[in-house]
Amino acid sequence: MIFEKVKERISDILGVDSDDITMDSSFIDDLGADSLDIVELIMALEEEFDIEIPDEDAERIQTVGDVVDYIKEHTDM
Amino acid sequence: MKLKGKVALITGASSGIGRAIALKFALEGAIVIVNYSGNAESAQKVVEEINSSGGICESIKCDVSNYDDVKNMIDNIIEKYNSIDILVNNAGITKDNLIMRMDVEDFDRVIDVNLKGCFNTIKCASRYMIKQKHGKIINMSSVIGITGNAGQANYAASKAGVIALTKSAAKEFASRNINVNAIAPGYIETRMTEVLNEKIKEDIIDKIPLKKAGNPEDVAKTALFLACDESNYITGQVINVDGGMVM
């Protein structure tokens, strides 16, 4: 469920086909994101899941799985 | 009309150059938000002038040096108009004195308004411009930020800072179709320069190749150029509007 929502936002922002997004996808290496894309994505996810992701946590996020795990840990979903 | 339906925030727009930009943008069809910090009456006059001639305009009070207030201002604009297309960072102050006599507080205050104020608005507006994938940011620098000036160490440093901020922002946001440029006015007849004595005014004009002072309208025309589609391939630049004073 979280993965589906995250996938949708990534697909919107990065303009990649959602079929190409897996838990192992690296934002930069596999999905072609630049640093501004990642900031934009983090902001979108903060809004979507009503959480705040501090910069020091955001810096550690590299793959789609990292984001999904982070959201799982920090919400009741 | 060159700015039809564009939402433009102009800081420090109750008088002088900011006011001239507000009027010019409104004539070109923009929805104009006149930001002011002290002079509510003057800001209201600008709003009335625009609204009575068929434009769309409102004023918002906000001290740009206060980040939380800036964030609120821009969030409110987005809530109401759903977009921010043009940001003009024009709010600026002077607190002139020789370095030996300049209070540290006066140094800080000028940097806070002129430089940090720009950063605050850019930080808040850019997140929306990035989402929109377009935007025009115009920062008011000064020829003093290029040449320096005795008695204006604080002002000169703030305006030089604005140039470096402009170039950095231009590089950061270029991939999102956001143009960031600066204008460096020379000697422009406004309330800020009105305080100079006649002798100094004459000396300044003598050093200007075009042999005359500029007016706010001259700066507003350049701001319009940088705000509209005609300047889409220009970013990270400083345009002097100074009658050739600095070259």
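What counts as what
- In this numbering scheme, every chain counts its residues from 1 along its sequence in written order.
- To label them, take the chains in the order written and letter them from A, then take the ligands in the order written and number them from 1.
- It should be noted that, the model being predicted, local features are given only for residues of pLDDT at least 70 and side-chain atom pairs only at 80 or more, the latter also being counted only at that level, while totals for whole chains, interfaces and linings use all residues.
- Water and hydrogen atoms were dropped before computing side-chain values, which therefore reflect all heavy atoms in the structure.
- In DSSP terms, a helix is any run of H or I states spanning at least four residues, a strand is any run of E spanning at least two, and both are numbered starting from the N terminus.
- Only the C-alpha atoms count toward the radius of gyration. The rule for a globule is 2.2 Å times the residue count to the power 0.38.
- Buried means the residue's accessible area, taken with a 1.4 Å probe over protein chains only, is under 20% of the maximum for its type, while exposed means over 50%, and partly exposed covers the values in between.
- Should any heavy atoms of two residues lie within 4.5 Å, those residues are considered in contact.
- Each accessible area is a Shrake-Rupley estimate made with a 1.4 Å probe; only the visible protein chains count as cover when residues are assessed.
- Within this scheme the basic residues Lys and Arg register as positive and the acidic residues Asp and Glu register as negative, but His and the chain ends are omitted.
- The location of each charge is read from NZ of Lys, CZ of Arg, CG of Asp or CD of Glu.
- Here the rule is simple: two strands pair whenever DSSP picks up at least two bridges between them.
- The axes are straight lines fitted to the C-alpha atoms, using for helices just the contacting stretch, and the angles between their N-to-C directions are given from 0 to 180°.
- Criterion for a salt bridge: a side-chain nitrogen of Lys or Arg within 4 Å of a carboxyl oxygen of Asp or Glu.
- Side-chain atoms alone can form a polar contact between residues adjacent in sequence; in general such a contact is a pair of N or O atoms within 3.5 Å, and within protein one must be able to donate a hydrogen while the other accepts it.
- UniProt positions are given in the numbering used here, feature names are shortened, and annotations may be inferred rather than shown by experiment.
- Each of two parts loses accessible area, computed with a 1.4 Å probe, when they are put together; buried area is these two losses added.

## Regarding the overall build of chain A
Right, so step 1: Per the secondary structure count, chain A includes 4 helices and 0 strands.
Right, so step 2: Ordered by position from the N terminus, the helices and strands of chain A form the series α-α-α-α.
Right, so step 3: Taken over the C-alpha trace, chain A has a radius of gyration of 11 Å; the compact-globule value for 77 residues is 11 Å, and the two agree within 12%.
Right, so step 4: Taken along the three principal axes of its C-alpha coordinates, chain A extends 30 × 25 × 20 Å.
Right, so step 5: Counting every position in chain A, which comprises 77 residues, the buried fraction comes to 48%.
Right, so step 6: Of all intrachain contacts in chain A linking residues separated by at least 6 positions in sequence, the fraction that spans at least 24 positions is 53%.
Right, so step 7: Entry remark: accessible area of chain A is about 4,500 Å², with carbon and sulfur atoms responsible for 41%.
Right, so step 8: One finds the centroid of the 5 positive side-chain charges in chain A at a distance of 6 Å from the centroid of its 25 negative side-chain charges.

## Examining the sheet that holds strand β1 (residues 7-10) of chain B
Sheets are built from strands that pair by backbone hydrogen bonding, the pairs being arranged parallel or antiparallel.
Residue and element names in this part refer to chain B.
Right, so step 1: Taken together, the 7 strands give an open sheet; going across it, the order is β3-β2-β1-β4-β5-β6-β7, and neighbouring strands pair in parallel fashion. Where the open sheet ends on each side, the last strands, each with one partner, are β3 (56-61) and β7 (238-241). When strand polarity is set aside, the average angle formed by the axes of neighbouring strands in this sheet is 20°.
Right, so step 2: Where β1 lies against strand β4 (residues 86-89), 3 bridges are found, and the strand directions are parallel. Paired with I10 across the strands is V88, a residue of β4.
Right, so step 3: Most of the contacts of helix α4 (residues 104-132) go to β4, to which it runs at about 175°, and overall it touches β4, β5 (135-140) and β6 (178-185).
Right, so step 4: Lying over the sheet, helix α9 (residues 216-227) contacts β4, β5, β6 and β7, oriented at roughly 165° with respect to β6.

## Considerations on the pattern of salt bridges
Right, so step 1: Applying the stated criterion to the full structure yields 17 salt bridges over all chains.
Right, so step 2: D75 of chain B is the partner of K71 of chain B in a salt bridge, and the nearest nitrogen-oxygen pair spans 3.0 Å. Of this pair, K71 of chain B and D75 of chain B are both found in helix α3 (residues 67-81), 4 residues apart, which corresponds to roughly one turn of the helix.
Right, so step 3: Given the relative accessible area of 34%, K71 of chain B is considered partly exposed.
Right, so step 4: Among the charged side chains, a salt-bridge network with shared partners connects D34, D37 and E40 of chain A together with K133 and R176 of chain B.

## Observations concerning the side chain of S142 of chain B
Residue and element names in this part refer to chain B.
Right, so step 1: Turning to its location among the elements, S142 is positioned in the loop between β5 and α5 (144-147).
Right, so step 2: At a separation of 3.0 Å, a polar atom in the side chain of S142 contacts the main-chain amide nitrogen of I144.
Right, so step 3: What S142 contacts, discounting residues up to four positions off in sequence, is Y155, K159, I183, A184 and P185.

## Examining the UniProt feature "active site" (unreviewed entry) in chain B
Right, so step 1: Within the UniProt annotation, "active site" (unreviewed entry) is assigned to Y155 of chain B.
Right, so step 2: Assignment of secondary structure puts Y155 of chain B in helix α6 (residues 153-173).

## Some remarks on the interface of chain B and chain A
Right, so step 1: Tallying the contact residues gives 8 residues for chain B and 6 residues for chain A.
Right, so step 2: Carbon and sulfur atoms make up 49% of the area that chain B and chain A hide from each other, which totals about 660 Å².
Right, so step 3: Summed over the three residues of chain B that lose the most area to chain A, namely R127, K131 and R176 of chain B, the buried surface amounts to 65% of that side.
Right, so step 4: Our enumeration of links across chain B and chain A arrives at 5 salt bridges.
Right, so step 5: The salt bridge involving R176 of chain B is made with E40 of chain A; its shortest N-O contact spans 3.6 Å.

## Here we look at the UniProt feature "modified residue: O-(pantetheine 4'-phosphoryl)serine" (unreviewed entry) in chain A
Residues and elements named next belong to chain A.
Right, so step 1: This chain's UniProt record puts "modified residue: O-(pantetheine 4'-phosphoryl)serine" (unreviewed entry) on S35.
Right, so step 2: When you line up the elements, S35 lands in helix α2 (residues 35-49).
Right, so step 3: The exposure class of S35 is exposed, given its relative accessible area of 60%.

## Comments concerning the UniProt feature "binding site: NADP(+)" (unreviewed entry) in chain B
Residues and elements named next belong to chain B.
Right, so step 1: The feature "binding site: NADP(+)" (unreviewed entry), as given by UniProt, occupies N90, Y155, A156, A157, S158, K159 and I188 in the numbering adopted here.
Right, so step 2: Position of A157 relative to the elements: it lies in helix α6.
Right, so step 3: Ignoring anything within four residues of it in the chain, the contact list for A157 reads F107 and I111.
Right, so step 4: Its relative accessible area of 4% is what places K159 among the buried residues.
Right, so step 5: Aside from chain neighbours lying at most four places away, what touches K159 is N114, M140, S141, S142 and G145.

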